[in-house]
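Here's the letter readout for the chains.
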Amino acid sequence: DWATETARHVGTVVHRELQRMARDRARPDPADPRMRQRWEHELAELGVPPQLRSASLARVTSAIERTLVHERGRWLLDASHRASATELELTGRVGGELVRVVIDRTFVDAAGVRWIVDYKTSRHEGAGLEEFLDREQQRYRPQLERYAQLLRKLAPAPVRLGLYFPLLAAWREWPAA
């Protein structure tokens with residue numbers, strides 16, 4: 001079931017919280033019962049069945065906890081970055097095709113590099129984490145390259161792409177083509 005609706009809903013709640021954290025400079029305390037209650041209500045509103053809510057809430061909590069203690073996670077959410085945006089909606093032409101995208105996180109770092117980051121709430125258990133991350137990078141490379149093509153039309157700058165995995169406190173990055 002984690003690969004279907006419930007996993008998607010967990011991802012939605014994690015994305016919402018990461019957006020709030022980046023936008024509002026909020027640093028929630030995952031141990032705070034009010035935070036956990038809010039996340040549980042969001043899961044319920046999204047349709048997570050009662051029997052799966054406890055495990056779903058545990059995944060949301062884990063993702064937020066890991067992001068808050070992970071140096072890369074904190075850097076990604078730093079609201080002081082220039083041209084910072086979360087859940088940025090763009091529409092434009094890429095390769096003659098009209099596309100509409102939503103970028104989880106983008107900003108310009110101190111060196112003038114535009115970052116485009118996609119959050120992935122995938123879970124990986126067992127051996128082979130590096131291989132899993134490599135496969136995910138290859139899987140999502142075309143999507144992030146499309147994002148870069150759209151953003152370059154608005155503001156030309158060097159662009160780096162990244163995948164952040166809150167549940168794994170893992171990161172993959174590469175220069176945009």
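In what follows, the structure referred to is the one given above.
Nothing here was measured: the structure is a model prediction, and the numbers come from that model. (Residues numbered from 1 in each chain as written. Predicted model: local features only at pLDDT ≥ 70, side-chain atom pairs only at ≥ 80, totals over all residues. Heavy atoms only, no water.)

## Some words on the overall build of the chain
No. 1: Secondary structure summary: the chain contains 5 helices and 5 strands in total.
No. 2: Counted from the first residue to the last, the chain has its helices and strands arranged as α-α-α-α-β-β-β-α-β-β.
No. 3: Reported as C-alpha extents along the three principal axes, the dimensions of the chain are approximately 45 × 30 × 30 Å.
No. 4: Residues counted as buried form 47% of the 177 residues belonging to the chain.
No. 5: Long-range contacts, defined here as pairs at least 24 residues apart, represent 63% of the contacts in the chain between residues at least 6 apart.
No. 6: Per element, the accessible surface of the chain, about 9,100 Å² overall, is 50% carbon and sulfur. (Helix = DSSP H or I, 4+ residues; strand = E, 2+ residues; numbered from the N terminus. Buried < 20%, exposed > 50% of the residue type's maximum accessible area, 1.4 Å probe, protein only. Contact = heavy atoms within 4.5 Å. Areas by Shrake-Rupley, 256 points an atom, 1.4 Å probe, with all protein chains shown as cover.)

## A few points about the nonpolar core
Buried together is how nonpolar side chains tend to be arranged in soluble globular proteins.
No. 1: Formed by 25 residues in total, the largest nonpolar core has its most connected members in Val-14, Leu-18, Trp-39, Leu-43, Val-60, Ile-64 and Val-117.
No. 2: Those elements that place two or more of their residues in this core are helix H1 (5–24), helix H2 (33–46), helix H3 (50–69), helix H4 (71–77) and strand E3 (114–119).
No. 3: A total of 6 residues in this core trace back to one element, the largest contributor, which is H1.
No. 4: Beyond its immediate sequence surroundings of up to four residues, Leu-18 is in contact with Ile-64, Thr-67, Leu-77, Tyr-119 and Pro-166.
No. 5: One finds Ile-103, Phe-132, Ala-148 and Leu-151 within the second-largest nonpolar core, a separate group that totals 22 residues. (Core = buried A, V, L, I, M, F, W, Y, C linked by side-chain atoms within 4.5 Å.)

## Considering the sheet that holds E3
Sheets are built from strands paired through backbone hydrogen bonds, the pairs being either parallel or antiparallel.
No. 1: The strand order E1-E2-E3-E4-E5 describes an open sheet built from 5 strands, whose pairing is mixed. The sheet terminates laterally at strand E1 (82–94) and strand E5 (170–175), the two strands that pair on one side only. Sheet twist, expressed as the mean angle between neighbouring strand axes with direction ignored, is 35°.
No. 2: Across 10 bridges, the pairing between E1 and strand E2 (residues 97–108) is antiparallel. Bridging across to E2, Arg-93 finds its partner in Leu-98.
No. 3: Each of E1, E2, E3, strand E4 (159–165) and E5 touches helix H5 (residues 129–154); the most contacted strand, E4, lies at about 135° to it. (Pairing = 2+ DSSP bridges. Axes fitted to C-alpha atoms, helices over the stretch in contact; angles between N-to-C directions.)

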